[in-house]
Structures are given as C-alpha cells and as structure tokens.
Amino acid sequence: MPQTEWQGVKVGTLLKMAEPYPNARYAVFKSDDYMECFPLSDTDNMLIAYMHRGKPLAHEHGGPFRLVFPNQACYQSIKWLSEIELTSDYVEGTAKKIALARIR
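As the structure is a computational prediction, the values presented were derived from the model and not from experiment.

(A) Representation of the overall build of the protein chain. Scanning the protein chain from N- to C-terminus turns up two helices and seven strands. Each helix and strand of the protein chain, ordered N terminal to C terminal, gives the series β-α-β-β-β-β-β-β-α. Scored against the burial criterion, the 104 residues of the protein chain give a buried share of 35%. A fraction of 61% describes how many contacts in the protein chain between residues 6 or more apart in sequence connect residues 24 or more apart.

Quick look at the structure:
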C-alpha cells in the first residue's frame, strides 16, 4: 500500500515516557506467539498505529495496534501488537525461526 496514511504514536516517544532502565538495549515486540527483537536505536521512528486512513484500525488489518516500520511494506509490519518488552540482551524472534524452517 504505497502512500498509505497511518496514525499512532512513535515508539521512541512511548519509550521516553516509559523511562527505561539504563541497561535496556533491545525492544521485543510481541503478538501472540510471534515476536521480533530490535535494537532500541532502530525503534525511534517505528509507529504503533491505531488508525489507518483516518479510521480506527480494523482487526483484520492488525487492530487495535499494529507496529509499522519506516520504509517497509505493509505485510512486513507486526499485526495485533500486544506487548513490548525491553531487555538488555538480544532475543531471537520467532520470524527468524520460521524463516529458517522454510529454507530447510
């Protein structure tokens, strides 16, 4: 969906409000059994979207909350975002495990 309009809160803004511990280095984004881990330095411009094209984000499109990545295609975002965990160590995401299983 090129040129699509998302509304929400930037992850960087949310994390500043949360005041993470100094040893936090990674954010783990979770959606049921799916999770992805990113360095905090990569999360500033990610968006937790709750609206799409001026309307509340429908469940079939990832609502109520969807993690949208800058410069990524819509299918690469994380639908049904349910939790963000901050960690000091990298956590292997389930997407990488699934991808490795498909390659074999």
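We are not done yet, so read on.
(B) How the structure looks around the pairing of strand β3 (residues 34–39). Pairing of strand β2 (residues 26–31) with β3, which is carried by six bridges, proceeds in the antiparallel orientation. Considered in β3, the bridge of Ala-27 is made with Phe-38. Between the antiparallel neighbours β2 and β3 lie two residues, among them Asp-32 with a positive phi of about 55°.

(C) Focus on the environment of Ala-27. Mapping Ala-27 onto the fold places it in strand β2. Among the residues examined, Ala-27 registers a relative accessible area of 0% and is labelled buried. In the structure, Ala-27 is positioned 10 residues away from Cys-37 in sequence and 5.6 Å away in space, judged by C-alpha atoms. When neighbours within four sequence positions are excluded, Ala-27 is seen to be in contact with Glu-36, Cys-37, Phe-38, Leu-40, Thr-43, Ile-84, Glu-85 and Leu-86.

(D) Summary view of the packing of aromatic side chains. Considering all chains together, one arrives at three aromatic pairs under this definition. For the pair Tyr-26 and Tyr-90, a centre-to-centre distance of 5.7 Å together with 75° between the ring planes defines the contact as edge-to-face. Here Tyr-26 is found in strand β2, whereas its partner Tyr-90 is found in the loop between β7 (83–87) and α2 (94–103), with 64 residues between them in sequence. Residue classification places Tyr-26 among the partly exposed residues on the basis of a relative accessible area of 22%.

(E) Looking closely at the sheet that holds β3. Sheet architecture is open: three strands sit in the order β3-β2-β7, paired in antiparallel fashion. Each edge of the open sheet is held by one strand with a lone partner, namely β3 and β7. Across the sheet, the mean angle from the axis of one strand to that of its neighbour is 20°, orientation sign disregarded.

(F) Looking closely at the side chain of Ser-31. For Ser-31, the position within the fold is in strand β2. Overall, Ser-31 belongs to the buried group, its relative accessible area being 6%. If we ignore the near neighbours within four places in the chain, the residues touching Ser-31 are Ile-78, Lys-79, Trp-80, Leu-81 and Ser-82.

(G) Spatial organisation of the nonpolar core. Core analysis: the biggest nonpolar cluster contains 13 residues, and Val-11, Phe-29, Met-46, Leu-67 and Phe-69 have the highest contact counts within it. Broken down by secondary-structure element, the contributors of at least two residues to this core are α1 (11–18) and β2. Apart from residues no more than four positions distant in its own chain, Leu-67 is found in contact with Val-11, Phe-29, Met-46, Leu-47, Ile-48, Ser-77, Ile-78 and Leu-81.

Reading guide: rules and limits
- Sequence order as written defines the numbering, with residues in each chain counted from 1.
- Predicted model: local features are reported for residues with pLDDT of at least 70 only, side-chain atom pairs are reported and counted for 80 or more only, and whole-chain, interface and lining totals are derived from all residues.
- Side-chain measures here rest on the full set of heavy atoms in the structure, leaving out hydrogens and waters.
- Numbering of helices and strands runs from the N terminus; a helix is a DSSP stretch of H or I covering at least four residues, while a strand is a stretch of E covering at least two.
- Working definition: with a 1.4 Å probe on protein chains only, accessible area under 20% of the residue-type maximum means buried, over 50% means exposed, and in between means partly exposed.
- Should any heavy atoms of two residues lie within 4.5 Å, those residues are counted as being in contact.
- Two strands are said to pair when DSSP picks up at least two bridges between them.
- In this analysis, rings of Phe, Tyr and Trp, with Trp reduced to its six-membered ring, are considered paired at centre separations within 6.5 Å, and the interplanar angle assigns stacked below 30 degrees, edge-to-face beyond 60, and tilted for intermediate values.
- Where helices are involved, their axes are fitted lines through C-alpha atoms of the stretch in contact, as for all axes, and angles between N-to-C directions lie from 0 to 180°.
- Definition of nonpolar core: a set of buried residues of the types Ala, Val, Leu, Ile, Met, Phe, Trp, Tyr and Cys, connected through side-chain atoms within 4.5 Å.

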